[in-house]
Amino acid sequence: MGQVEFIEVTKRYGDATAGAVTGIDLVVEDHEFLVLLGPSGCGKSTLLKLVAGLEDITSGEIWIDGRMVNYEKPADRDVAMVFQNYALYPHMTVYENVAFPLRMTGVAKEETRQRVLAAASSLGLDPYLERRPEHLSGGQRQRVALARSIVRRPSVFLMDEPLSNLDAQLRVQTREELLRLHASLQTTTIYVTHDQVEAMTMGHRIAVMRSGVIQQVGPPQHVYDHPANTFVAAFLGSPRINLAAGRCESSPTGAIFAGPDFAVPLPPRLAAAARGAGDAAFGIRPENIALHLADPGGGAFPAKVSLVEPVGSDLYVNASTGSSSWTARAAARTPVTPGQQVWLVFDLEHAHLFGGDGAALT
Ligand SMILES: Nc1ncnc2c1ncn2[C@@H]1O[C@H](COP(=O)(O)OP(=O)(O)OP(=O)(O)O)[C@@H](O)[C@H]1O
Ligand SMILES: [Mg+2]
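These numbers come from a predicted model, not from an experiment.

Take the nonpolar core next. Membership of the largest hydrophobic core comes to 43 residues, with the highest contact counts inside it found for Val98, Leu178, Tyr191 and Ile206. Per element, the largest residue contribution to this core is five residues, and it comes from helix H4 (residues 138–150). Apart from the residues within four sequence positions on either side, Ile206 is in contact with Val35, Leu37, Ala199, Gln216, Val217, Gly218, Pro220, Val223 and Leu236. With 30 residues, the next largest nonpolar core counts Cys248, Ala280, Phe282 and Ile289 among its residues.

Structure, rendered in structure tokens:
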């Protein structure tokens, strides 16, 4: 069992007037892999430290497995935390490092051996058991830190950007190992990252935070497809979603969104939401804008290419329709160059409308 429940949790450091986290209400289910995602300083590490007991809660309650843990010592909470800057004991071998938490709690020698070997093996560390940390690569050291936390078999893992010190290739590999580990151990995990690829690929659900407040919680694809506000819409997705300010208006032919230098007819789904909205923002992701080299008709927007970014598998093209600039995804090797005239077709079924306060209208 490893359910973690936050009830109206707020943390203010010292005499700060603003909370590092404010009014967090969240239930992380048993076995769940929940990713906390958000920009630097939004309160992700603070939230983990509150669960681990490394910081006191200012107000609210945290429950683990049906126990209110506000006043429990870190050691009694049955959670294991893995940090970005893992600290291994330099004078101990890998085996001794992994065995350390068990030795401290008086687990018998033979059981310790079995658990250390199982943890090391699940992370591919068998060949390094007798080595000292200084003779390991960064990725291997991070795996030792992970092994040291799983060997305790806690009911909750708290992981604070555990992969951010690794190079791109090792990151992907260790990410897969972590997912395999979670599939076999099924331990409830709260995982902090500001890497949205990690969030999208690892989380059962993601919680997007901003300035200490959770903006939206849900399965990654759902949050990507139905962002609750412009912040979430812009935070998930690379290149980021195109957002244009304007107004929702009615025209003789139906509802339209009128930007500074463009107007789009709103499909029924958006038209209903747009009624009476007034000032709004129109959002469309690069993959939902088709780029044409000749006018396809049907009201395509003529635009002038300002920047072409090949990323190998795709080509991202920035093009402007007057004062509005759009990023569109095109097929790799599409022959476009800056200055060229192109035509943009918006897939309005996948467009978003946000109200004046930034909240999604649909
Ligand atoms: N010990 C502390 N004392 C005072 N303020 C702190 C302390 N730790 C964090 N803060 C502040 O609380 C806010 C949240 O910090 P936190 O470390 O939780 O952010 P984060 O989301 O983990 O950021 P990052 O992605 O950079 O690690 C920040 O404004 C930070 O300056
Ligand atoms: Mg942090």
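What follows is about the environment of Asp30. Counting through the fold element by element, Asp30 comes out in the loop between strand S2 (21–28) and strand S3 (33–37). C-alpha of Asp30 to C-alpha of Ala99: the two residues are 69 residues apart in sequence and 26 Å apart in space. Excluding residues within four positions of it along the chain, Asp30 makes contact with Met1, Gly2, Gln3 and Thr188. A polar atom in the side chain of Asp30 sits 2.7 Å from the backbone nitrogen of Gly2. Within polar-contact distance, the side chain of Asp30 engages the side chain of Thr188 at 3.3 Å.

On to the pattern of salt bridges, then. Summed over the entire model, instances satisfying the criterion amount to 10 salt bridges. Here Glu32 makes a salt bridge to Arg205, at a shortest N to O gap of 2.5 Å. Separated by 173 residues along the polypeptide, Glu32 in the loop between S2 and S3 and Arg205 in strand S9 (residues 205–210) bring together distant segments of the chain. Among the charged side chains, a salt-bridge network with shared partners connects Arg171, Asp195 and Glu198.

Our focus in this paragraph is H4. Here H4 contains 13 residues, and its C-alpha end-to-end distance of 19 Å stays within 8% of the 18 Å for a straight helix at 1.5 Å per residue. Of all the residues in H4, the buried ones are Gly139, Gln140, Gln142, Arg143, Val144, Ala145, Leu146, Ala147, Arg148, Ser149 and Ile150. The elements touched by buried residues of H4 are strand S6 (79–82), helix H2 (94–104), helix H3 (109–122), strand S7 (156–160) and helix H5 (168–185).

A few words on the site of ligand 1. If you check the shell around ligand 1, you find Tyr13, Ala20, Pro39, Ser40, Gly41, Cys42, Gly43, Lys44, Ser45, Thr46, Glu161 and His194 and nothing else. Taking Gly43, its main chain carries an N or O atom lying 3.0 Å from an oxygen atom of ligand 1. In the environment of ligand 1, an oxygen atom lies 2.8 Å from a nitrogen or oxygen atom belonging to the side chain of Ser45. Expressed as a share of its isolated accessible area of 630 Å², the protein-covered part of ligand 1 is 57%.

The strands that make up a sheet are held in pairs by hydrogen bonds between backbone atoms, and each pair lies either parallel or antiparallel. As summarised here, the arrangement of the five strands in space is S15-S19-S16-S17-S18, forming an open sheet in which the pairing is antiparallel. Each edge of the open sheet is held by one strand with a lone partner, namely strand S15 (289–292) and strand S18 (324–331). Across the sheet, the mean angle separating the axes of adjacent strands is 45° when strand polarity is ignored. When strand S16 (residues 301–310) meets strand S17 (residues 314–321), the two strands line up antiparallel, connected through six bridges. Looking at S17, one finds that Pro310 is bridged to Leu315.

Here we come to H2. For H2, the set of buried residues is Val94, Asn97, Val98, Ala99, Phe100, Pro101 and Leu102. Considering only its buried residues, H2 is in contact with H3 and H4. A positive backbone phi angle near 75° is found at Gly106, which sits one or two residues after H2.

The next thing to look at is the domain arrangement of the protein. For the protein, the assigned domains are domain 1 (4–234) and domain 2 (266–355). Opposite the six residues of domain 1 that make contact, domain 2 presents four residues. Together domain 1 and domain 2 conceal approximately 500 Å² of surface at their shared face, both sides included; 56% is due to carbon and sulfur atoms. At the boundary of domain 1 and domain 2, one finds zero salt bridges. Across the contact surface, domain 1 and domain 2 share three residue pairs in polar contact (both at pLDDT 80 or more).

Another aspect to go through is the side chain of Gln140. Relative to the helices and strands, Gln140 is located in helix H4. Exposure remark for Gln140: the relative accessible area of 14% places this residue in the buried category. Engagement of the side chain of Gln140 in a polar contact is seen with the backbone nitrogen of Ser137, the distance being 2.8 Å. Apart from the residues within four sequence positions on either side, Gln140 is in contact with Leu125 and Tyr128.

Once that is clear, we can look at the packing of aromatic side chains. For the coordinates displayed, the defined rule picks out 12 aromatic pairs. Between Tyr89 and Phe100 the ring centres are 4.7 Å apart and the planes differ by 50°, which places this aromatic pair in the tilted class. Here Tyr89, found in the loop between S6 and H2, pairs with Phe100, found in helix H2; they are 11 residues apart in sequence, far enough to count as distant. What makes Phe100 buried here is its relative accessible area of 18%. Relative to Trp326, the ring of Phe282 lies with its centre 6.3 Å away and its plane at 80°, an arrangement referred to as edge-to-face. With Phe282 in strand S14 (residues 279–284) and Trp326 in strand S18, this residue pair connects regions lying 44 residues apart in the sequence. Exposure remark for Phe282: the relative accessible area of 0% places this residue in the buried category. With a relative accessible area of 2%, Trp326 lands in the buried category. An aromatic cluster is present here, built from Phe257, Phe262, Phe282, Phe301, Trp326 and Phe346 joined pairwise through their rings. A cation sits over an aromatic face here: Arg285 above Tyr224, 3.9 Å from the ring centre.

Rules used throughout
Chains are numbered independently. Their residues run from 1 in the order of the written sequence. Note on labels: chains are lettered from A, ligands numbered from 1, in written order. The model is predicted, so local features are restricted to residues of pLDDT at least 70 and side-chain atom pairs to those at 80 or more, both for listing and for counting; the totals for chains, interfaces and linings are taken over all residues. Water and hydrogen atoms were dropped before computing side-chain values, which therefore reflect all heavy atoms in the structure. Only buried Ala, Val, Leu, Ile, Met, Phe, Trp, Tyr and Cys residues count toward a nonpolar core, and they belong to the same one when joined by side-chain atoms within 4.5 Å. Think of it in three bands: residues with accessible area under 20% of the maximum for their type are buried, residues over 50% are exposed, and the middle band is partly exposed, with areas taken using a 1.4 Å probe on protein chains only. Comment: elements are numbered from the N terminus, with helices defined as DSSP H or I runs of at least four residues and strands as E runs of at least two. Residue contacts are counted whenever heavy atoms from the two residues lie within 4.5 Å of one another. For the purposes of these results, a polar contact is taken to be a pair of N or O atoms within 3.5 Å, where, inside protein, one atom must be able to donate a hydrogen and its partner to accept one; residues adjacent in sequence count only when each atom of the pair is a side-chain atom. What counts as a salt bridge is simple: a side-chain nitrogen of Lys or Arg found within 4 Å of a carboxyl oxygen of Asp or Glu. Expected helix span is taken as 1.5 Å per residue step, with the number of steps being one fewer than the number of residues. The rule for a residue being near a molecule or strand is that one of its heavy atoms must lie within 4 Å of it. Computed with a 1.4 Å probe, the accessible areas rest on the Shrake-Rupley method; for each residue, only the protein chains presented here act as cover. For two strands to be treated as a pair, DSSP must find no fewer than two bridges joining them. All axes here are fitted lines through C-alpha atoms, helices being fitted over the stretch that makes contact, and every angle between N-to-C directions spans 0 to 180 degrees. In this entry, domain limits derive from an automatic or database-based domain assignment. Once two parts are joined, some of their accessible surface, as seen by a 1.4 Å probe, is lost; buried area is that loss totalled over both. Centres within 6.5 Å are what make two rings of Phe, Tyr or Trp a pair, Trp counting through its six-membered ring; a difference in plane orientation under 30 degrees is then read as stacked, over 60 as edge-to-face, and the rest as tilted. Charge-over-ring placement is defined geometrically: NZ (Lys) or CZ (Arg) within 6 Å of the ring centre, and within 35 degrees of the ring normal.

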